[in-house]
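Topology and contacts: notes
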Amino acid sequence: MNFKKIQRIAGLMMILGLFSCTSDDVYETIPADSLFPLKIPSNFPQIAQNIDNNFPTQNGVALGRKLFYDGRLSRDNSVSCAFCHEQQSAFTHHGHDLSHGIDNLTGKRNAPSVQNMIFQSEYFYDGASNSIQMLSIVPIHNPLEMDESLPTIVEKLKQDAQYVQLFKAAFSNGDVSSSNLLNALAQFMTIMISADSKYDKYIRNEDGGNFDQQELKGLNLFKNNCASCHETDLFTDNSFRNNGLPPNSKLNDLGREEVTGFRTDRYKFKVPSLRNVELTAPYMHDGRFGSLQSVLNFYSNGVQQTENLDPLLQNNSHIGIPLTQEEKEALIAFLKTLTDYDFVKNPLFYHKT
Amino acid sequence: MKKNIQTFAWLFSAGSLFVACNNDDNSTIIEENTFGAAELYFDNGVNGDKLVLGSLYTNSNGETLTINRFNYIISNIVLIKADGTEYIYPKAKSYFIISEEADLHTVQLENIPAGDYVKVRFGLGVDQQKYLEGETAQQEFWDYAVQHNLTWTWSTGYRFINFEGTFKPAHAAKHEDHEEPGTGTPGLFNFQIHQGSNTATDNYREITLNLPTTARIRQTDKPSIHIVADANKITDGQNKIVLQDNLNAAGTNASIMGGENLIKIAENTLQMFFVDHVHNGSGSHH
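Residues numbered from 1 in each chain as written. Chains lettered and ligands numbered in written order. Predicted model: local features only at pLDDT ≥ 70, side-chain atom pairs only at ≥ 80, totals over all residues.

**Focus on the confidence of the model for chain B**
Caution is warranted with low-pLDDT regions, since their predicted coordinates should not be read in detail. All names here are of chain B. The line we're drawing: Here pLDDT means the predictor's own confidence in every residue, given as a number from 0 to 100. Residues are treated as contacting if the C-beta atoms built from their backbones sit within 7 Å of each other.
Summary statistics for chain B give a mean pLDDT of 88 and a share of 86% for residues scoring 70 or more. Segment residues 14-26: pLDDT under 50, and 0 contacts once partners within four positions in sequence are set aside and those in other chains are kept. Scoring of the predicted complex yields 0.82 for pTM and 0.72 for ipTM.

What follows is the structure, encoded as structure tokens:
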């Protein structure tokens, strides 16, 4: 055995020795984790996602929340999820018909609400994702929104000692990784359940659920005119339909066809949940209507026979949903009972600095 | 004796001159360690005209604006003397809101060292140092700003200026399609200009203005510094911002809330203010 080889081995052993010293000297306390007490509202439809393989935990939710509000998920560190999904407007982009993202680029769709995600089978107006764990990939990669990639985000977060700790605390393998990042965001979105509106209290016979005459009339009108698409206490049947909006040629949005490629899906968009609709103006996939009154005016007088118009809007050769102004006002009064003030003020969903 | 009398006479007359001056104008004396108050009054205008919400104003881009909202944040006030010494108003108390719709026009300043001041400096918006203190540290001002539509969300920060209304472009758009603008009226569009900082750019600016008349702050004298803010400068300053060029992809409204435009507007706002006059004396305002 020559001297050089001994030197090299000795050198290697020293380095290894240093490493082992380091890991002994620095003992990090990792906070214990526990399952999040998830309450499923009794009046809601079935959960539509598999949450057992990523059930929310306290540490997972805390990490997901921090990520949701962190601009580092975008290329220039300026656009977080919360940029377009603002809590006080039920996680929509207040006042924006179309959102602007990175470099002030404008997208072509209105930011949908992030609420009750586990009760939805598909996400985005065109159903681009069917998985609560995967959906975050879409806005992160969209060049008009965050224009970033998961591996780059992971590299950024690895430089942040606080994130390294949070990932260790939230996941058994403790890695700052793409899959853990997506899972943390999914856990945060899982707990964002909105089910304590005046309507919920009415339906579940709880205090604070007294509907007045107009609201009751509105509820009835809703059941007879709207609930075939805006079905269940989630107020959506999770399907894709063309409701007769005249296409905006400046946007040229083909809707569901852009995902499936089927001509029969042209101009079909996801039926959104109407929960918190009072707070989520402007309305429709391109935010073209600024008020609920405009929306109802459209349904009574503005529906057009475009390609793939939904059969439910073609009754007895009448296109649309005939409504008097009085009926529209009652419907609006009812829709306002879907506002859940606790949801938009819940500190669990807010990252306060 | 003659000399003494002469001396006394001289002293006496000088003394009475002194006393006489005192009676006429005792605020020339600046007593040490005394303090007074001052106010900055912001008079909002448009290119020389008074700003009246709902009225029409045509700018040099040929666009006719109806302004429905003009709110902004004034901060970090500094009063400057002729020799250059600065009184920096305590930072924690130095954030104010001016709002045309809420009739908020005045910044009230207290406990300022008595003195003669010839310049004022203030910030338009919220500086990064303040913002980085976090939401909890400034909850009161944040909530106040929320009430006056001068915030986005915490993570996206304050709106330094909220300037909104409708506009008619210089040249009507071609009607290839039948979409209505967001206003529902053909040819009339909404605009929203929300100045602010973002992680890419710090659009906070400080503006130093000369006072045409020295502001005399005394225990008993409170000056009112009358500042004119020209809203027209936002789109029609040294940088021209044509609202029609900034219509969104749907063609419904011009929404300027980020990017290069805010940097141009920040530059424009450096010329947006001037001190029209200073009332000295009682400082009570009309």
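**As for the nonpolar core**
Residue and element names in this part refer to chain A. Basically, it comes down to this: Only buried residues count toward a nonpolar core: Ala, Val, Leu, Ile, Met, Phe, Trp, Tyr and Cys, linked into one set through C-beta atoms within 7 Å. Buried, partly exposed and exposed are defined by the number of other C-beta atoms within 10 Å of a residue's own C-beta, namely 20 or more, between the two limits, and 12 or fewer respectively, with C-beta atoms placed from the backbone. A run of H or I in DSSP becomes a helix once it reaches four residues, and a run of E becomes a strand once it reaches two; helices and strands are each numbered from the N terminus. Domains are outlined according to an automatic or database domain assignment.
Of all hydrophobic cores here, the largest spans 72 residues; its most connected members are Leu185 and Met189. Counting only elements with at least two residues in this core, the list comes to α2 (58-68), α3 (81-84), α5 (150-158), α6 (161-170), α7 (178-191), α9 (213-225), α11 (292-302) and α12 (325-336). Broken down by element, the residue count for this core peaks at 8 residues, all from α7. A domain-level breakdown of this core finds at least three residues from each of domain 1 (52-194) and domain 2 (198-342). Excluding residues that lie within four positions of it along the chain, Leu185 makes contacts with Gly64, Leu67, Phe68 and Ser136.

**Quick word on α2 of chain A**
Residue and element names in this part refer to chain A. α2 sits mainly inside the fold: 9 of its 11 residues count as buried. Along α2, the residues that are buried comprise Asn59, Gly60, Val61, Ala62, Leu63, Gly64, Arg65, Leu67 and Phe68. The secondary structure elements touched by the buried residues of α2 are α3, α6 and α7.

**As for the domain arrangement of chain A**
Residue and element names in this part refer to chain A. Note the threshold: Gly falls in the polar group here, along with every residue not listed as nonpolar (Ala, Val, Leu, Ile, Met, Phe, Trp, Tyr, Cys, Pro) or charged (Asp, Glu, Lys, Arg).
When the domains of chain A are assigned, the result is domain 1 (52-194) and domain 2 (198-342). Averaged C-alpha coordinates put domain 1 and domain 2 at centres separated by 27 Å. The interface of domain 1 with domain 2 comprises 22 residues on the first partner and 24 residues on the second. Among the residues forming the side of domain 1 that touches domain 2, the class breakdown is 6 nonpolar, 11 polar and 5 charged.

**Focus on the environment of Ile319 of chain A**
By the element assignment, Ile319 of chain A lies in strand β4 (residues 318-319). Separated by 17 residues in sequence, Ile319 of chain A and Gly302 of chain A have C-alpha atoms that sit 8.8 Å apart.

**Quick word on the packing of α2 of chain A against α7 of chain A**
All names here are of chain A. Quick reminder of the rule: Lines fitted to C-alpha atoms define the axes, with helix axes restricted to the stretch in contact, and inter-axis angles between N-to-C directions lie between 0 and 180 degrees. Reported orientations rely on four angle classes, namely roughly parallel under 35 degrees, roughly antiparallel over 145, roughly perpendicular from 65 to 115, and oblique for the rest.
Their axes nearest at 7 Å, the elements α2 and α7 cross at an angle of 100°. Relative to α7, α2 is oriented roughly perpendicular. Contact with α2, carried on its side by Gly60, Val61, Leu63, Gly64, Arg65, Leu67 and Phe68, involves Leu181, Ala184, Leu185, Gln187, Phe188 and Ile191 of α7 and no other residues of that element.

**Observations concerning the interface of chain A and chain B**
Contacts between the two partners involve 25 residues from chain A and, on the opposite side, 21 residues from chain B. Residue classes in the side of chain A that touches chain B are distributed as 5 nonpolar, 11 polar and 9 charged.

**Structural notes on the environment of Phe240 of chain A**
Residues and elements named next belong to chain A. Positionally, Phe240 belongs in strand β1 (residues 240-241). Note on Phe240: 22 C-beta atoms within 10 Å, which makes it buried. Between the C-alpha atom of Phe240 and that of Ala128, which follows or precedes it by 112 residues, the distance is 12 Å. When near neighbours in sequence (up to four residues on either side) are disregarded, Phe240 contacts Gly127, Arg256, Asp265, Lys268, Phe269 and Lys270.

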